[in-house]
Amino acid sequence: MAFIHTPNASASEKTTSMYASAEANYGYLPNMYRAFGHRPEVMENWVALLSSIRGHMSLRRYELVTLAAAKELKSSYCMLAHGSVLLREGFTSDGLTAVVNETEKAPIDAGERAIMAFAAKVARDATSVTQQDIDGLKKHGLSDAEVFDVTAAAAARCFFSKMLDALGAAPDHAYMERLEPNVRRALSVGREVERPLAPSTSRGTSQ
């Protein structure tokens, strides 16, 4: 699952609690939680940071920003997780695939395209962002505070995606089971999905 040995549920009281909560939420223990097993307080603080960021955005905007950043970071795990959320929120398989492939058929408006392009640029090279990029977002109706929110979501994704990939956390087997092959292929931009170990049903929220 990972390049480091991850602790079992009895490693510490906080690890036990984190694992139990994740299993109750998802129906299995996701690899991302195992990756943080040595430092559950880091996951706890990540969740708090994430909550403070996405609390100011619509779920759709947050997920599109995150998808764009994750694609730029080549994070299969985050792409699969957040693509799955968009599917639950009403995107069709074809629509989501079009978004990932950045085609004209993607069911997003011009403002959302601009936001995703900006998020990708933040993840790719934040030093390349200019005043013109910010002004472009404002032309689509974003306020300064909303520009901050989009930037924060994209920048935060760099932390989580890079942590998972650097530690070798493979995308969960649940994605192999629940996603159509063409969607899974489109979202798998980096590490391959872990092969199923046992039947499971994923129902939790993304990180």
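Residues numbered from 1 in each chain as written. Predicted model: local features only at pLDDT ≥ 70, side-chain atom pairs only at ≥ 80, totals over all residues. Heavy atoms only, no water.

This brings us to the environment of L167. Of note, L167 is situated in the loop between α9 (144-166) and α10 (174-178). Each C-alpha atom of the pair L167 and I4 lies 6.6 Å from the other, and the pair is 163 residues apart in sequence. (Helix = DSSP H or I, 4+ residues; strand = E, 2+ residues; numbered from the N terminus.)

Examined against the element boundaries, T15 turns out to sit in helix α1 (residues 13-26). Given a relative accessible area of 1%, T15 falls into the buried group. (Buried < 20%, exposed > 50% of the residue type's maximum accessible area, 1.4 Å probe, protein only.)

To continue, consider the pattern of salt bridges. By the definition in use, this model includes eight salt bridges. Here R60 and E112 are joined by a salt bridge, their closest N and O atoms 2.5 Å apart. Taken together, the residues span a long stretch of sequence, with R60 in helix α4 (residues 59-72) and E112 in helix α7 (residues 110-125) at a distance of 52 residues. R60 gets classed as partly exposed once you look at its relative accessible area, which sits at 36%. (Salt bridge = Lys/Arg side-chain N within 4 Å of Asp/Glu carboxyl O.)

One can find Y19 in helix α1. On a C-alpha basis, the gap between Y19 and E102 in space is 36 Å, while along the polypeptide they are 83 residues apart. Other than its neighbours up to four places away in sequence, Y19 contacts P7, N8, A9, L29, Y33, R34 and G37. (Contact = heavy atoms within 4.5 Å.)

Averaged over the protein, the pLDDT score is 92; the fraction of residues at 70 or greater is 93%. A low-confidence stretch, residues 197-203 stays under pLDDT 50, and its non-local contacts, those more than four residues away or across chains, total 20 contacts. (pLDDT = per-residue confidence, 0-100.)

Two numbers describe how α7 lies on α9: the axes approach to 9 Å, and their chain directions differ by 45°. With respect to their mutual orientation, α7 and α9 come out oblique. The way α7 lies across α9 gives a crossing that is right-handed. Residue-level inspection shows I115, F118, A119, V122 and A123 of α7 in contact with α9, the latter providing V150, T151, A154, A155 and C158. Across the contact of α7 with α9, the residue classes break down as nine nonpolar, one polar and no charged. (Axes fitted to C-alpha atoms, helices over the stretch in contact; angles between N-to-C directions. Parallel < 35°, antiparallel > 145°, perpendicular 65-115°, else oblique. Left-handed = near helix turned anticlockwise from the far one by under 90°. Nonpolar A, V, L, I, M, F, W, Y, C, P; charged D, E, K, R; others polar.)

Bringing the UniProt feature "domain: Carboxymuconolactone decarboxylase-like" (unreviewed entry) in the protein into the picture now. In this structure's numbering, the residues bearing the UniProt feature "domain: Carboxymuconolactone decarboxylase-like" (unreviewed entry) are residues 40-100. Summarising residues 40-100: 82% helix, 0% strand, and an end-to-end C-alpha distance of 32 Å. (UniProt positions renumbered as here; feature names shortened; annotations may be inferred.)

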